[in-house]
Amino acid sequence: MPTPPPDFAALSLTEIARLAEENRLPPVESWNPDHCGHSEMRIASDGTWFHQGSPIGRTAMVRLFSTILRRESDGRFVLVTPVEKLDIDVEDAPFMAVELKTDGEGRNAKLAFRLNTGDLVVAGPEHALRFEEREEGPRPYLHVRAGLDALIARSVYYELAEIALANGSTPSGVWSDGAFFALQPGETTL
């Protein structure tokens, strides 16, 4: 079982970056077992994991399943082990970025996110932020790993918007780990 996540609020950005770097996941990209069917699981758009229609209440179980989640080249999501591969339905993004911690300002800023699974991700060139325009409004995402994204919670998105306004950049956006991310869909990143 994965270890419980540390208290995000008590960590420095240096500690968060170190923990994110140390996060060792199973080598799911190298496992190619036969497809075995459907897992009877889905991840709702709010990040809640369900099995046979019921929410999975054990955080440790969700965290464990999240470590064997993979996105296939055809766009499907699967749970994969060395001996089986099962489909899982994902309504939007498989993760939810629920908390933000910032360090520095402008081009020297770093933005760290805590996901609903406890994972820690520092936005930057390898973990890009992107913003899509949808009928219900803008949808912000953070790239987590290998085709897997986190939807950024509305409250965290508002924090990003405040940072962007304080930056005063054109286009409006945020910096993290040396990369600039425009908040408006279709805007160019610097």
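Values in this document were obtained by computation on a predicted structure and should not be read as measured data. (Residues numbered from 1 in each chain as written. Predicted model: local features only at pLDDT ≥ 70, side-chain atom pairs only at ≥ 80, totals over all residues. Heavy atoms only, no water.)

With that settled, the discussion passes to the sheet that holds strand E10 (residues 129-134). Taken together, 6 strands build an open sheet; the order of strands is E9-E8-E7-E12-E11-E10 and the sheet is mixed. Each of the sheet's edge strands pairs with one partner strand only, and the pair in question is strand E9 (120-122) and E10. Neighbour to neighbour, the strand axes of the sheet diverge by 40° on average, direction disregarded. As judged from the 6 bridges shared by E10 and strand E11 (residues 137-145), these two strands associate in the antiparallel manner. Bridge assignment links phenylalanine 131 to a residue of E11, and that residue is proline 140. In the packing of helix H3 (residues 154-167) onto the sheet, contacts are made with strand E7 (95-103), strand E8 (110-115), E10, E11 and strand E12 (148-152), and the angle to E7 comes to roughly 35°. (Pairing = 2+ DSSP bridges. Helix = DSSP H or I, 4+ residues; strand = E, 2+ residues; numbered from the N terminus. Axes fitted to C-alpha atoms, helices over the stretch in contact; angles between N-to-C directions. Contact = heavy atoms within 4.5 Å.)

Quick look at the pattern of salt bridges now. Two side chains with opposite charge may pair up if their charged atoms get near one another. Applying the stated criterion across every chain, the model contains 14 salt bridges. Note that arginine 76 is salt-bridged to aspartate 87, the shortest N-O span being 2.5 Å. Here the residue arginine 76 occupies a position in the loop between strand E4 (69-71) and strand E5 (77-80), and aspartate 87 occupies one in strand E6 (residues 85-90), the gap between them amounting to 11 residues. Among the residues examined, arginine 76 registers a relative accessible area of 31% and is labelled partly exposed. Where aspartate 149 meets arginine 130, a salt bridge forms, and the shortest distance between an N and an O atom there is 2.6 Å. (Salt bridge = Lys/Arg side-chain N within 4 Å of Asp/Glu carboxyl O. Buried < 20%, exposed > 50% of the residue type's maximum accessible area, 1.4 Å probe, protein only.)

Count 3.6 residues to each turn of an α-helix, and residues three or four apart come out pointing the same way. Taking 1.5 Å as the rise per residue, H3 with 14 residues should run 20 Å; its terminal C-alpha atoms sit 20 Å apart, in good agreement. Every buried residue belonging to H3 is among Val156, Tyr157, Leu160 and Ala164, and all of these are buried. Along the long axis of H3, the arc covered by the buried residues comes to 100°, so they all point the same way. Opposite the packed face of H3, turned more than 90 degrees from it, sit the exposed residues Glu162, Leu165 and Ala166. Where H3 is buried, its residues contact E7, E8, E10, E11, E12 and strand E13 (173-176). (Expected span 1.5 Å × (residues − 1). Arc of directions from axis to C-beta.)

Spatially, 6 strands are ordered E3-E2-E1-E6-E5-E4 in an open sheet, and the strand pairing comes out mixed. Here the strands that pair on one side only, and so sit at the sheet edges, are strand E3 (54-55) and E4. Pairing of E4 with E5, which is carried by 3 bridges, proceeds in the antiparallel orientation. From the neighbouring strand, arginine 71 faces E5, where its bridge partner is phenylalanine 77.

Going from threonine 170 to proline 171, the amide bond is cis rather than trans, its omega being 0°. As for its position among the elements, proline 171 is in the loop between H3 and E13. Here the phi dihedral of glutamate 40 falls at roughly 60°; this positive angle occurs in a residue that is not glycine. Mapped onto the secondary structure, glutamate 40 falls in strand E1 (residues 35-43).

Let us now look at the side chain of threonine 117. With respect to the element layout, threonine 117 can be found in the loop between E8 and E9. Classification of threonine 117 as buried rests on a relative accessible area of 2%. Excluding its chain neighbours within four sequence positions, the residues that come into contact with threonine 117 are Val62, Arg63, Ser66 and Phe95.

Moving on, we get to the pairing of E13. Of the two faces of E13, both are covered, the one formed by Gly173 and Trp175 as well as the one formed by Val174 and Ser176. A loop of 2 residues connects E13 with strand E14 (residues 179-182), the two strands running antiparallel in sequence, and aspartate 177 in this loop sits at a positive phi of about 50°.

Overall, the coordinates contain 4 aromatic pairs when judged by the stated rule. The interplanar angle of 15° and the centroid separation of 6.5 Å between the aromatic rings of tryptophan 49 and phenylalanine 65 together place this pair among those described as stacked. A residue pair is termed long-range when its members are at least 10 positions apart, and tryptophan 49 in strand E2 (residues 49-51) and phenylalanine 65 in helix H2 (residues 59-67) qualify at 16 residues. Their ring planes at 35° and their centres at 6.3 Å tell us that tyrosine 157 and tyrosine 158 sit as a pair that is tilted. Counting every residue linked through ring pairs, the aromatic cluster contains Phe131, Tyr157 and Tyr158. Here the guanidinium or amino end of arginine 42 rests over the ring plane of phenylalanine 50, the centre of that ring lying 4.1 Å away. (Phe/Tyr/Trp six-rings, centres within 6.5 Å; stacked < 30°, edge-to-face > 60°. Lys NZ or Arg CZ within 6 Å of the ring centre and 35° of its normal.)

None of this, on its own, says anything about what the molecule does.
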